[in-house]
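# Topology and contacts: notes
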Amino acid sequence: MENPRQRKQQRVFALSELLRLGKIRVRQSDNFVSNETLAIRAGQVRTMEGEHSDPIFATSSYIFENAAQAAARFSGTESGNVYSRFTNPTVRAFEQRLAALEGGLYAVATASGMSAITLLLLSLVKEGDHVVCSNEVFGSTISVFAKVLPRFGIEVEFAPVSDVRAWQSVVRANTRLLFIETPTNPLCNISDIKALSEIAHDIGGLLVVDNAFCTPALQKPLALGADIIVHSATKYLDGQGRCVGGAVVTSNEEIYQKIFKMLRITGPAMSPFNAWVFHKGLETLPIRMQLHSDNAEKLAKWLLTQPDVDRVYYPGLTDHPGHVLAKTQQEGFGGILSFEVKGGRTEAWQVIDRTSLISITANLGDVKTTITHPASTTHAHITTEQRAAAGIKENLIRIAAGLEAVADIIDDLSRAFLRPEQ
Ligand SMILES: *Cc1c(COP(=O)(O)O)cnc(C)c1O
(Lines give C-alpha, C1' and ligand atoms only; values in the text may rest on other atoms or scores of the structure.)
Protein backbone atom coordinates (compact mmCIF):
# COMPACT_ATOMS: atom_id res chain seq x y z
CA MET A 1 0.00 0.00 0.00
CA GLU A 2 1.10 3.52 -0.70
CA ASN A 3 2.24 5.39 2.43
CA PRO A 4 1.78 9.16 2.96
CA ARG A 5 5.45 9.83 2.12
CA GLN A 6 5.10 8.08 -1.23
CA ARG A 7 1.91 9.97 -1.90
CA LYS A 8 3.68 13.26 -1.23
CA GLN A 9 6.52 12.29 -3.53
CA GLN A 10 4.10 11.30 -6.27
CA ARG A 11 2.49 14.71 -5.85
CA VAL A 12 5.81 16.47 -6.33
CA PHE A 13 6.71 14.31 -9.34
CA ALA A 14 3.34 15.16 -10.80
CA LEU A 15 4.16 18.89 -10.71
CA SER A 16 5.57 19.00 -14.19
CA GLU A 17 2.64 16.97 -15.48
CA LEU A 18 0.18 19.44 -13.91
CA LEU A 19 2.12 22.32 -15.44
CA ARG A 20 1.95 20.59 -18.78
CA LEU A 21 -1.81 20.23 -18.46
CA GLY A 22 -2.14 23.89 -17.46
CA LYS A 23 -3.69 22.94 -14.10
CA ILE A 24 -1.18 24.98 -12.10
CA ARG A 25 0.81 28.09 -12.86
CA VAL A 26 4.26 28.94 -11.67
CA ARG A 27 4.49 32.07 -9.62
CA GLN A 28 7.66 33.23 -7.98
CA SER A 29 5.79 34.01 -4.77
CA ASP A 30 3.80 30.78 -4.70
CA ASN A 31 4.77 28.79 -1.65
CA PHE A 32 4.27 25.32 -3.01
CA VAL A 33 5.31 25.67 -6.62
CA SER A 34 8.20 28.01 -5.87
CA ASN A 35 11.31 28.20 -8.01
CA GLU A 36 13.30 26.46 -5.29
CA THR A 37 10.98 23.43 -5.19
CA LEU A 38 10.57 23.13 -8.95
CA ALA A 39 14.34 23.36 -9.44
CA ILE A 40 14.82 20.33 -7.19
CA ARG A 41 11.69 18.26 -7.70
CA ALA A 42 10.23 18.84 -11.17
CA GLY A 43 11.14 16.50 -14.00
CA GLN A 44 12.30 13.36 -12.27
CA VAL A 45 10.74 10.00 -12.94
CA ARG A 46 12.23 7.25 -10.80
CA THR A 47 13.01 3.87 -12.24
CA MET A 48 12.20 0.58 -10.46
CA GLU A 49 15.67 0.78 -8.83
CA GLY A 50 14.38 3.51 -6.48
CA GLU A 51 17.40 5.76 -7.06
CA HIS A 52 17.30 9.04 -5.10
CA SER A 53 19.40 11.03 -7.57
CA ASP A 54 18.71 10.91 -11.29
CA PRO A 55 20.24 8.20 -13.49
CA ILE A 56 22.08 8.90 -16.76
CA PHE A 57 20.56 6.96 -19.62
CA ALA A 58 23.68 6.46 -21.72
CA THR A 59 21.99 4.68 -24.59
CA SER A 60 21.63 5.64 -28.23
CA SER A 61 18.69 3.36 -28.98
CA TYR A 62 15.88 1.42 -27.29
CA ILE A 63 14.52 -2.08 -27.75
CA PHE A 64 10.95 -2.88 -28.69
CA GLU A 65 8.77 -5.77 -27.56
CA ASN A 66 8.17 -6.82 -31.13
CA ALA A 67 8.18 -5.58 -34.71
CA ALA A 68 4.67 -4.13 -34.44
CA GLN A 69 5.71 -2.00 -31.47
CA ALA A 70 8.78 -0.79 -33.35
CA ALA A 71 6.53 0.27 -36.21
CA ALA A 72 4.10 2.02 -33.86
CA ARG A 73 6.92 3.91 -32.11
CA PHE A 74 8.43 5.03 -35.41
CA SER A 75 5.11 6.22 -36.78
CA GLY A 76 4.27 7.98 -33.52
CA THR A 77 1.00 6.11 -32.93
CA GLU A 78 2.60 4.82 -29.71
CA SER A 79 4.58 7.24 -27.57
CA GLY A 80 7.91 6.13 -26.14
CA ASN A 81 11.63 6.15 -26.71
CA VAL A 82 12.96 5.49 -30.20
CA TYR A 83 16.44 6.93 -30.62
CA SER A 84 18.44 9.39 -28.52
CA ARG A 85 18.68 12.03 -31.25
CA PHE A 86 15.17 12.99 -30.14
CA THR A 87 14.07 10.78 -27.23
CA ASN A 88 16.24 10.23 -24.18
CA PRO A 89 14.94 10.04 -20.57
CA THR A 90 17.82 12.07 -19.07
CA VAL A 91 17.43 14.80 -21.67
CA ARG A 92 13.66 14.75 -21.12
CA ALA A 93 14.12 15.12 -17.35
CA PHE A 94 16.19 18.27 -17.92
CA GLU A 95 13.66 19.59 -20.45
CA GLN A 96 10.76 19.11 -18.04
CA ARG A 97 12.54 20.75 -15.14
CA LEU A 98 13.58 23.76 -17.24
CA ALA A 99 10.09 24.12 -18.76
CA ALA A 100 8.56 24.00 -15.26
CA LEU A 101 10.95 26.69 -14.01
CA GLU A 102 10.19 28.95 -16.97
CA GLY A 103 6.45 28.45 -16.41
CA GLY A 104 6.30 26.87 -19.87
CA LEU A 105 4.85 23.63 -21.10
CA TYR A 106 7.52 22.38 -23.49
CA ALA A 107 11.30 22.46 -23.83
CA VAL A 108 13.68 21.11 -26.45
CA ALA A 109 17.28 20.66 -25.28
CA THR A 110 20.06 21.25 -27.80
CA ALA A 111 23.81 20.75 -28.14
CA SER A 112 24.62 24.45 -27.46
CA GLY A 113 22.98 27.83 -27.04
CA MET A 114 23.79 28.65 -30.66
CA SER A 115 22.19 25.43 -31.89
CA ALA A 116 19.04 26.33 -29.92
CA ILE A 117 18.89 29.68 -31.74
CA THR A 118 19.66 28.12 -35.14
CA LEU A 119 17.11 25.33 -34.60
CA LEU A 120 14.37 27.75 -33.70
CA LEU A 121 15.05 29.95 -36.74
CA LEU A 122 15.23 26.91 -39.02
CA SER A 123 11.88 25.73 -37.63
CA LEU A 124 9.95 29.00 -37.77
CA VAL A 125 11.17 31.29 -40.55
CA LYS A 126 11.15 30.85 -44.31
CA GLU A 127 12.10 32.67 -47.51
CA GLY A 128 10.34 36.02 -47.79
CA ASP A 129 9.93 36.48 -44.03
CA HIS A 130 11.21 39.54 -42.21
CA VAL A 131 12.83 39.26 -38.77
CA VAL A 132 14.05 41.92 -36.34
CA CYS A 133 16.91 41.32 -33.96
CA SER A 134 18.14 43.53 -31.14
CA ASN A 135 21.40 45.29 -31.97
CA GLU A 136 22.88 44.11 -28.67
CA VAL A 137 22.90 40.32 -28.70
CA PHE A 138 25.55 37.63 -28.35
CA GLY A 139 28.21 37.91 -31.10
CA SER A 140 27.42 34.61 -32.85
CA THR A 141 23.70 35.42 -32.70
CA ILE A 142 24.42 38.63 -34.64
CA SER A 143 26.34 36.54 -37.20
CA VAL A 144 23.46 34.06 -37.62
CA PHE A 145 21.02 36.90 -38.24
CA ALA A 146 23.33 39.11 -40.34
CA LYS A 147 25.19 36.49 -42.37
CA VAL A 148 23.30 33.17 -42.37
CA LEU A 149 19.60 34.11 -42.65
CA PRO A 150 20.02 36.44 -45.68
CA ARG A 151 21.46 33.47 -47.64
CA PHE A 152 18.04 31.84 -47.35
CA GLY A 153 16.05 34.84 -48.55
CA ILE A 154 15.10 36.11 -45.10
CA GLU A 155 15.15 39.87 -44.58
CA VAL A 156 16.90 40.91 -41.38
CA GLU A 157 16.84 44.22 -39.56
CA PHE A 158 18.42 45.28 -36.29
CA ALA A 159 16.71 47.59 -33.79
CA PRO A 160 18.07 49.38 -30.70
CA VAL A 161 17.57 47.22 -27.64
CA SER A 162 15.80 49.71 -25.32
CA ASP A 163 13.94 51.87 -27.85
CA VAL A 164 10.38 50.49 -28.06
CA ARG A 165 9.33 53.14 -30.65
CA ALA A 166 12.11 52.06 -33.00
CA TRP A 167 10.80 48.46 -32.87
CA GLN A 168 7.29 49.69 -33.50
CA SER A 169 8.42 51.50 -36.64
CA VAL A 170 10.50 48.64 -38.03
CA VAL A 171 7.92 45.81 -37.92
CA ARG A 172 5.76 45.02 -40.96
CA ALA A 173 3.03 42.64 -42.01
CA ASN A 174 5.57 39.92 -42.88
CA THR A 175 7.64 40.27 -39.69
CA ARG A 176 7.74 36.72 -38.37
CA LEU A 177 9.70 37.26 -35.18
CA LEU A 178 11.46 39.71 -32.90
CA PHE A 179 14.58 38.50 -31.07
CA ILE A 180 16.02 40.09 -27.92
CA GLU A 181 18.45 39.43 -25.13
CA THR A 182 17.84 41.24 -21.82
CA PRO A 183 19.91 42.30 -19.89
CA THR A 184 22.50 42.71 -22.63
CA ASN A 185 26.17 41.87 -22.64
CA PRO A 186 28.21 43.77 -21.43
CA LEU A 187 26.34 47.01 -20.60
CA CYS A 188 23.25 45.35 -19.05
CA ASN A 189 20.78 47.34 -21.15
CA ILE A 190 17.18 46.26 -20.61
CA SER A 191 14.46 45.53 -23.18
CA ASP A 192 10.78 45.91 -22.35
CA ILE A 193 9.55 42.32 -22.82
CA LYS A 194 5.87 43.17 -22.37
CA ALA A 195 5.90 46.12 -24.80
CA LEU A 196 7.82 44.18 -27.46
CA SER A 197 5.54 41.15 -27.13
CA GLU A 198 2.56 43.43 -27.82
CA ILE A 199 4.27 44.86 -30.90
CA ALA A 200 5.01 41.31 -32.12
CA HIS A 201 1.48 40.04 -31.48
CA ASP A 202 -0.14 43.06 -33.17
CA ILE A 203 1.34 41.97 -36.51
CA GLY A 204 0.88 38.24 -35.86
CA GLY A 205 4.56 37.69 -35.06
CA LEU A 206 6.45 36.08 -32.19
CA LEU A 207 8.75 37.46 -29.50
CA VAL A 208 11.83 35.36 -28.70
CA VAL A 209 13.85 36.14 -25.55
CA ASP A 210 17.35 34.86 -24.86
CA ASN A 211 17.08 34.41 -21.08
CA ALA A 212 20.67 33.27 -20.47
CA PHE A 213 21.64 36.21 -18.26
CA CYS A 214 18.70 36.19 -15.83
CA THR A 215 17.56 32.55 -16.06
CA PRO A 216 14.05 31.69 -14.82
CA ALA A 217 15.28 32.29 -11.28
CA LEU A 218 15.23 36.05 -11.94
CA GLN A 219 13.02 36.57 -14.99
CA LYS A 220 10.11 34.69 -16.58
CA PRO A 221 9.66 36.05 -20.11
CA LEU A 222 6.67 33.80 -20.95
CA ALA A 223 4.67 35.38 -18.12
CA LEU A 224 5.54 38.82 -19.55
CA GLY A 225 4.18 37.90 -22.99
CA ALA A 226 7.14 36.31 -24.81
CA ASP A 227 6.35 33.29 -27.00
CA ILE A 228 9.68 31.51 -26.95
CA ILE A 229 12.72 31.47 -24.66
CA VAL A 230 16.18 30.35 -25.70
CA HIS A 231 18.97 29.41 -23.34
CA SER A 232 22.66 28.90 -23.41
CA ALA A 233 22.67 26.22 -20.69
CA THR A 234 26.45 26.56 -20.80
CA LYS A 235 26.17 29.57 -18.53
CA TYR A 236 24.10 29.73 -15.33
CA LEU A 237 22.01 26.56 -15.86
CA ASP A 238 25.20 24.52 -15.53
CA GLY A 239 26.62 27.11 -13.16
CA GLN A 240 30.03 25.50 -12.79
CA GLY A 241 31.50 25.86 -16.27
CA ARG A 242 31.47 22.18 -17.26
CA CYS A 243 29.30 21.56 -20.33
CA VAL A 244 28.07 23.28 -23.48
CA GLY A 245 24.33 23.09 -24.12
CA GLY A 246 21.16 24.99 -24.90
CA ALA A 247 17.38 24.84 -24.93
CA VAL A 248 14.22 26.30 -26.43
CA VAL A 249 11.16 26.71 -24.16
CA THR A 250 7.57 27.57 -25.09
CA SER A 251 3.95 27.05 -24.05
CA ASN A 252 2.71 26.99 -27.64
CA GLU A 253 2.16 23.41 -28.76
CA GLU A 254 2.31 24.21 -32.48
CA ILE A 255 5.67 25.95 -32.09
CA TYR A 256 6.94 23.09 -29.94
CA GLN A 257 5.93 20.49 -32.54
CA LYS A 258 7.73 22.38 -35.30
CA ILE A 259 10.91 22.70 -33.25
CA PHE A 260 10.80 19.11 -32.04
CA LYS A 261 10.30 17.79 -35.57
CA MET A 262 13.19 19.92 -36.84
CA LEU A 263 15.39 18.56 -34.03
CA ARG A 264 14.40 15.02 -35.03
CA ILE A 265 15.36 15.68 -38.65
CA THR A 266 18.46 17.87 -38.29
CA GLY A 267 19.84 16.47 -35.01
CA PRO A 268 21.49 19.20 -32.87
CA ALA A 269 20.74 17.05 -29.82
CA MET A 270 22.03 17.37 -26.25
CA SER A 271 24.01 14.40 -24.92
CA PRO A 272 22.54 12.51 -21.92
CA PHE A 273 25.65 13.24 -19.85
CA ASN A 274 25.40 16.99 -20.47
CA ALA A 275 21.65 16.88 -19.78
CA TRP A 276 22.37 15.23 -16.43
CA VAL A 277 24.90 17.95 -15.51
CA PHE A 278 22.39 20.71 -16.39
CA HIS A 279 19.55 18.87 -14.64
CA LYS A 280 21.61 18.73 -11.44
CA GLY A 281 22.79 22.31 -12.03
CA LEU A 282 19.19 23.51 -12.02
CA GLU A 283 18.74 22.19 -8.47
CA THR A 284 20.88 25.01 -7.09
CA LEU A 285 19.93 27.65 -9.69
CA PRO A 286 17.63 29.85 -7.53
CA ILE A 287 20.07 30.01 -4.62
CA ARG A 288 23.06 30.59 -6.93
CA MET A 289 21.35 33.38 -8.88
CA GLN A 290 20.50 35.14 -5.64
CA LEU A 291 24.12 35.04 -4.53
CA HIS A 292 25.49 35.99 -7.99
CA SER A 293 23.18 39.04 -7.85
CA ASP A 294 24.13 39.96 -4.27
CA ASN A 295 27.85 39.75 -5.06
CA ALA A 296 27.50 41.73 -8.29
CA GLU A 297 25.55 44.46 -6.51
CA LYS A 298 28.15 44.72 -3.74
CA LEU A 299 30.95 44.86 -6.33
CA ALA A 300 29.12 47.53 -8.36
CA LYS A 301 28.61 49.70 -5.28
CA TRP A 302 32.23 49.29 -4.25
CA LEU A 303 33.48 50.14 -7.76
CA LEU A 304 31.50 53.40 -7.62
CA THR A 305 33.75 54.53 -4.75
CA GLN A 306 37.00 53.80 -6.60
CA PRO A 307 39.00 56.80 -7.90
CA ASP A 308 40.31 54.78 -10.90
CA VAL A 309 36.76 54.01 -12.07
CA ASP A 310 34.95 56.43 -14.40
CA ARG A 311 31.58 54.68 -14.71
CA VAL A 312 29.82 51.52 -13.52
CA TYR A 313 27.09 49.69 -15.48
CA TYR A 314 24.80 47.53 -13.33
CA PRO A 315 20.99 47.54 -13.52
CA GLY A 316 20.81 47.46 -9.73
CA LEU A 317 22.30 50.98 -9.57
CA THR A 318 19.64 53.69 -9.60
CA ASP A 319 21.45 55.70 -12.30
CA HIS A 320 21.47 52.78 -14.78
CA PRO A 321 19.16 53.60 -17.73
CA GLY A 322 17.37 50.24 -17.34
CA HIS A 323 17.03 50.32 -13.54
CA VAL A 324 13.29 51.00 -13.30
CA LEU A 325 12.37 48.49 -16.01
CA ALA A 326 14.69 45.84 -14.57
CA LYS A 327 13.01 46.32 -11.21
CA THR A 328 9.59 45.62 -12.70
CA GLN A 329 10.40 42.66 -14.94
CA GLN A 330 13.21 40.95 -12.99
CA GLU A 331 13.36 39.43 -9.51
CA GLY A 332 17.01 40.41 -9.15
CA PHE A 333 19.61 42.32 -11.12
CA GLY A 334 21.88 39.42 -12.12
CA GLY A 335 25.56 38.61 -11.85
CA ILE A 336 27.03 40.67 -14.70
CA LEU A 337 28.46 44.18 -14.37
CA SER A 338 30.84 46.37 -16.35
CA PHE A 339 32.92 49.41 -15.57
CA GLU A 340 35.14 51.94 -17.32
CA VAL A 341 38.58 52.66 -15.87
CA LYS A 342 40.40 55.98 -16.25
CA GLY A 343 42.46 55.76 -19.46
CA GLY A 344 42.13 53.43 -22.45
CA ARG A 345 42.93 49.88 -23.50
CA THR A 346 46.37 49.90 -21.82
CA GLU A 347 44.93 50.83 -18.43
CA ALA A 348 42.05 48.35 -18.77
CA TRP A 349 44.44 45.52 -19.69
CA GLN A 350 46.68 46.48 -16.73
CA VAL A 351 43.80 46.16 -14.26
CA ILE A 352 42.83 42.77 -15.75
CA ASP A 353 46.43 41.51 -15.69
CA ARG A 354 46.98 42.58 -12.07
CA THR A 355 44.11 40.46 -10.73
CA SER A 356 45.20 37.11 -9.35
CA LEU A 357 42.09 35.41 -7.90
CA ILE A 358 39.66 36.40 -10.67
CA SER A 359 39.90 34.30 -13.86
CA ILE A 360 40.73 36.01 -17.15
CA THR A 361 38.18 34.36 -19.43
CA ALA A 362 35.26 35.48 -21.54
CA ASN A 363 32.91 32.83 -20.12
CA LEU A 364 30.27 33.71 -17.54
CA GLY A 365 27.74 32.02 -15.31
CA ASP A 366 30.38 30.13 -13.36
CA VAL A 367 30.89 29.95 -9.57
CA LYS A 368 34.32 31.46 -10.35
CA THR A 369 34.41 35.23 -10.90
CA THR A 370 35.62 36.09 -14.42
CA ILE A 371 37.00 39.28 -15.95
CA THR A 372 37.23 40.24 -19.61
CA HIS A 373 37.96 43.18 -21.94
CA PRO A 374 34.95 43.19 -24.30
CA ALA A 375 36.51 45.44 -27.00
CA SER A 376 39.32 42.94 -27.66
CA THR A 377 37.47 39.66 -26.94
CA THR A 378 33.69 39.20 -27.07
CA HIS A 379 33.20 42.30 -29.23
CA ALA A 380 36.48 42.25 -31.22
CA HIS A 381 34.85 40.95 -34.42
CA ILE A 382 32.75 44.07 -34.98
CA THR A 383 34.17 47.34 -36.37
CA THR A 384 35.41 50.20 -34.21
CA GLU A 385 32.39 52.25 -35.35
CA GLN A 386 29.95 49.46 -34.42
CA ARG A 387 31.62 49.17 -31.03
CA ALA A 388 31.33 52.92 -30.51
CA ALA A 389 27.64 52.81 -31.49
CA ALA A 390 27.10 49.98 -29.00
CA GLY A 391 28.83 52.04 -26.28
CA ILE A 392 31.68 49.55 -25.82
CA LYS A 393 34.75 51.63 -25.11
CA GLU A 394 38.41 50.63 -24.98
CA ASN A 395 38.48 51.27 -21.21
CA LEU A 396 35.50 48.97 -20.49
CA ILE A 397 35.93 45.85 -18.34
CA ARG A 398 33.22 43.22 -17.76
CA ILE A 399 32.98 41.14 -14.62
CA ALA A 400 30.78 38.09 -14.11
CA ALA A 401 30.50 37.88 -10.33
CA GLY A 402 31.07 34.38 -9.00
CA LEU A 403 30.28 32.88 -5.64
CA GLU A 404 33.60 33.41 -3.82
CA ALA A 405 33.43 35.62 -0.70
CA VAL A 406 32.77 39.07 -2.13
CA ALA A 407 35.39 40.54 0.24
CA ASP A 408 38.04 38.44 -1.53
CA ILE A 409 36.89 39.55 -4.98
CA ILE A 410 37.01 43.19 -3.83
CA ASP A 411 40.44 42.60 -2.31
CA ASP A 412 41.72 41.20 -5.61
CA LEU A 413 40.35 44.16 -7.58
CA SER A 414 41.65 46.75 -5.13
CA ARG A 415 45.16 45.33 -5.54
CA ALA A 416 44.65 45.48 -9.31
CA PHE A 417 43.91 49.20 -9.06
CA LEU A 418 47.14 49.94 -7.14
CA ARG A 419 49.95 51.36 -9.27
CA PRO A 420 53.16 49.27 -9.01
CA GLU A 421 54.97 52.24 -7.37
CA GLN A 422 52.32 52.62 -4.67
C1 LIG B 1 26.92 32.13 -24.57
C2 LIG B 1 25.68 32.73 -25.06
C3 LIG B 1 25.04 32.22 -26.21
C4 LIG B 1 25.60 31.06 -27.01
O5 LIG B 1 25.56 29.88 -26.27
P6 LIG B 1 26.61 28.66 -26.51
O7 LIG B 1 26.17 27.68 -25.49
O8 LIG B 1 27.98 29.20 -26.31
O9 LIG B 1 26.39 28.18 -27.90
C10 LIG B 1 23.86 32.81 -26.60
N11 LIG B 1 23.33 33.85 -25.91
C12 LIG B 1 23.93 34.36 -24.82
C13 LIG B 1 23.30 35.50 -24.09
C14 LIG B 1 25.12 33.83 -24.36
O15 LIG B 1 25.72 34.35 -23.28
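For every chain, the first residue of the written sequence is number 1, and numbering continues from 1 onward in sequence order. At least 70 in pLDDT is required for a residue's local features to be given in this predicted model, at least 80 for side-chain atom pairs to be given and counted, and no such filter applies to totals for whole chains, interfaces and linings, which use all residues. The basis for every side-chain value is the complete set of non-hydrogen atoms in the structure, without hydrogens or water.

### Points about the nonpolar core
In this description, a nonpolar core means a group of buried Ala, Val, Leu, Ile, Met, Phe, Trp, Tyr and Cys residues linked to one another through side-chain atoms lying within 4.5 Å. Working definition: with a 1.4 Å probe on protein chains only, accessible area under 20% of the residue-type maximum means buried, over 50% means exposed, and in between means partly exposed. Counting residues in hydrophobic clusters, the biggest one holds 36 residues, and the most contacted among them are Phe94, Leu98, Leu237, Val249, Leu282, Leu285 and Ile336. Secondary structure elements follow DSSP: runs of H or I of four or more residues count as helices, runs of E of two or more count as strands, with numbering from the N terminus. Residue assignment for this core shows that the elements contributing at least two residues are α3 (35-41), α5 (89-102), β1 (106-110), α10 (215-218), β7 (246-250), α12 (272-283) and α13 (285-304). A per-element tally of this core places α5 first, with six residues. With residues near it in sequence (within four places) discarded, phenylalanine 94 still touches Ala109, Ala233, Leu237, Ala247, Met270, Ala275, Phe278, His279 and Leu282. Contacts were defined at the residue level, with two residues in contact if any of their heavy atoms lie within 4.5 Å.

### Things to note about the packing of α5 against α12
Under this scheme, a helix contributes an axis fitted over its contacting stretch, all axes are lines through C-alpha atoms, and angles between N-to-C directions fall in the 0 to 180 degree range. Their axes nearest at 8 Å, the elements α5 and α12 cross at an angle of 35 degrees. Classified by chirality, the crossing of α12 by α5 is left-handed. Note on element contacts: α12 touches α5 through Pro272, Ala275, Trp276, Phe278, His279, Leu282 and Glu283, opposite Thr90, Val91, Ala93, Phe94, Arg97, Leu98 and Leu101. The crossing is said to be left-handed when, going from far helix to near helix, the turn is anticlockwise and less than a right angle, and right-handed when the turn is clockwise.

### Comments concerning the site of the ligand
Surveying the vicinity of the ligand reveals the residues Ser112, Gly113, Met114, Phe138, Glu181, Asp210, Ala212, Phe213, Ser232, Thr234, Lys235 and Gly245. Separating a nitrogen atom of the ligand from a side-chain N or O atom of aspartate 210 is a distance of 2.6 Å. Any N or O atom pair separated by 3.5 Å or less is treated as a polar contact, with the protein-specific requirement of one donor-capable and one acceptor-capable atom, and with residues adjacent in sequence counted only for side-chain atom pairs. Residue lysine 235 places a side-chain N or O atom 2.6 Å away from an oxygen atom belonging to the ligand. Working definition of accessibility: Shrake-Rupley area with a 1.4 Å probe, residue cover restricted to the visible protein chains. Bound to the protein, the ligand loses 91% of the 390 Å² it would expose on its own. Under the grouping applied here, Gly and all other residues not named as nonpolar or charged are polar, the nonpolar ones being Ala, Val, Leu, Ile, Met, Phe, Trp, Tyr, Cys and Pro and the charged ones Asp, Glu, Lys and Arg. Residue composition of the shell around the ligand, grouped by class: four nonpolar, five polar and three charged. Residue proximity to a molecule or strand is established when one non-hydrogen atom of the residue lies within 4 Å of it.

### Brief notes about the confidence of the model for the protein
Per-chain confidence: the protein averages 93 in pLDDT, with 91% of residues scoring 70 or above. Segment residues 27-31 is flagged for pLDDT under 50; beyond a separation of four residues in sequence, or across chains, it makes nine contacts in the model. pLDDT gives the predictor's per-residue confidence on a scale running from 0 to 100.

### Considering the pattern of salt bridges
The rule for a salt bridge is simple: a side-chain nitrogen of Lys or Arg has to be within 4 Å of a carboxyl oxygen of Asp or Glu. With the rule as written, the count across this model stands at 15 salt bridges. Across the pair aspartate 310 and lysine 342 runs a salt bridge, and its minimum N-O distance is 3.4 Å. Linking aspartate 310 in strand β8 (residues 309-313) with lysine 342 in the loop between β9 (336-341) and α15 (345-354), this pair joins segments that are 32 residues apart in sequence. A salt bridge links glutamate 340 to lysine 393, with the nearest nitrogen and oxygen atoms 3.8 Å apart. In this pair, glutamate 340 is assigned in strand β9 and lysine 393 in the loop between α16 (384-389) and β12 (396-400), connecting sequence segments 53 residues apart. Given the relative accessible area of 44%, lysine 393 is considered partly exposed. It is possible to trace a salt-bridge network through shared partners that takes in Asp54, Arg97, Lys280 and Glu283.

### Details of the sheet that holds strand β2 (residues 130-134)
When DSSP finds two or more bridges between a pair of strands, those strands are recorded as paired. A sheet is described by the order of its strands in space; here seven strands give the open sequence β1-β7-β6-β5-β4-β2-β3, paired in mixed fashion. Edge positions in the open sheet fall to β1 and β3 (155-159), since each of these has one partner strand only. Recorded for the sheet is a direction-independent mean angle of 20 degrees between the axes of neighbouring strands. On the sheet, α5 packs against β1, β6 (228-232) and β7 and is oriented at approximately 130 degrees with respect to β1. Seen against the sheet, helix α6 (residues 113-124) touches β1, β4 (175-181), β5 (206-210), β6 and β7 and runs at an angle of roughly 150 degrees to β6.

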